[in-house]
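Residues per chain are reported as follows:
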Amino acid sequence: MLHFLSRCCVLCFFCYYYVMNNEPYKKSLEDELKRVVAELKTVGNVNPKNPNDWEATVQGNIDQADESEIAEKIESFDENHMIVEQLEIRSNEIKRALGRIQDGSYGKCLVCGKIIEEKRLLANPAAETCVEHMQR
């Protein structure tokens, strides 16, 4: 293991400690995933045909509403749909990060393979790339 780390950078001890000490990031990701799922439940439901997909919902019965209520419900659905899309993206990012923790690849840039900067992971524990390769 140390031989591998000695080839990755000059700060080998840092790399070893960093790659092996992912528990705080895992806890942070798990907590965030719980919050995201709780928020998703306020604006949508799990798609029964695909448990990895969420669908926006409308509050109340649209069949017995007058025209102004229908317009409000459509607007509410559109807002919920946009919220669901953003929360679903974040949920998937978190799940992928947790998968990388489990398989031992967490903290390594998916583009260049270098260790992702600690400041970046502290700001976004689900980050997949180093600062150099993050999408702008």
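You'll find the structure just up there.
Bear in mind that the values here come from a model prediction, so they are computed numbers and not experimental data. (Residues numbered from 1 in each chain as written. Predicted model: local features only at pLDDT ≥ 70, side-chain atom pairs only at ≥ 80, totals over all residues. Heavy atoms only, no water.)

**Side note on the overall build of the chain**
Line of reasoning, step 1. The helix and strand inventory of the chain stands at five helices and two strands.
Line of reasoning, step 2. Counted from the first residue to the last, the chain has its helices and strands arranged as α-α-α-β-β-α-α.
Line of reasoning, step 3. Burial statistics for the chain: of 136 residues in total, 31% are counted as buried.
Line of reasoning, step 4. Element-wise, carbon and sulfur atoms account for 55% of the exposed surface of the chain, whose accessible area totals about 9,400 Å². (Helix = DSSP H or I, 4+ residues; strand = E, 2+ residues; numbered from the N terminus. Buried < 20%, exposed > 50% of the residue type's maximum accessible area, 1.4 Å probe, protein only. Areas by Shrake-Rupley, 256 points an atom, 1.4 Å probe, with all protein chains shown as cover.)

**Re the pattern of salt bridges**
Line of reasoning, step 1. Within this structure, the stated rule accounts for five salt bridges.
Line of reasoning, step 2. Glu93 serves as the salt-bridge partner of Arg90, at 3.0 Å between the closest nitrogen and oxygen. Highlighted residues: Arg90 and Glu93, both in helix α4 (residues 67–103), separated by three residues, approximately one helical turn.
Line of reasoning, step 3. For Arg90, a relative accessible area of 17% puts it in the buried group.
Line of reasoning, step 4. The exposure class of Glu93 is partly exposed, given its relative accessible area of 25%.
Line of reasoning, step 5. Arg100 is the salt-bridge partner of Glu128, the closest N and O atoms lying 3.4 Å from each other. In this pair, Glu128 sits in the segment after α5 (118–123) while Arg100 sits in helix α4, placing the two residues 28 residues apart along the sequence.
Line of reasoning, step 6. Several salt bridges share partner residues, and in doing so they unite Glu32, Arg90 and Glu93 into one network. (Salt bridge = Lys/Arg side-chain N within 4 Å of Asp/Glu carboxyl O.)

**Regarding the nonpolar core**
Line of reasoning, step 1. With 21 residues, the main nonpolar core has Leu29, Leu40, Val84, Ile94, Leu98, Tyr106 and Leu121 as its most contacted residues.
Line of reasoning, step 2. Secondary structure elements with two or more residues in this core: α3 (23–43), β2 (50–56) and α4.
Line of reasoning, step 3. Excluding its chain neighbours within four sequence positions, the residues that come into contact with Ile94 are Leu29, Glu32, Leu33, Val36 and Ala126. (Core = buried A, V, L, I, M, F, W, Y, C linked by side-chain atoms within 4.5 Å. Contact = heavy atoms within 4.5 Å.)

**As for α3**
Line of reasoning, step 1. With 21 residues, α3 extends 31 Å between its outermost C-alpha atoms, agreeing within 8% with the 30 Å of an ideal straight helix rising 1.5 Å per residue.
Line of reasoning, step 2. Within the span of α3, buried status applies to Tyr25, Leu29, Glu32, Leu33, Val36, Leu40 and Val43. Take α3 and look down its axis: the buried residues cluster within an arc of 110°, on one side only. Among the exposed residues of α3, those oriented more than 90 degrees off its buried face are Glu23, Lys34, Arg35, Lys41 and Thr42. (Expected span 1.5 Å × (residues − 1). Arc of directions from axis to C-beta.)

**Remarks on the packing of aromatic side chains**
Line of reasoning, step 1. In total, this model carries one aromatic pair according to the counting rule given.
Line of reasoning, step 2. Ring geometry for Tyr25 against Tyr106: centres 5.7 Å apart, planes inclined by 45°, an arrangement best described as tilted. Of this pair, Tyr25 sits in helix α3 while Tyr106 sits in the loop between α4 and α5, placing them 81 residues apart in sequence. In terms of burial, Tyr25 and Tyr106 fall into one category: buried. (Phe/Tyr/Trp six-rings, centres within 6.5 Å; stacked < 30°, edge-to-face > 60°.)

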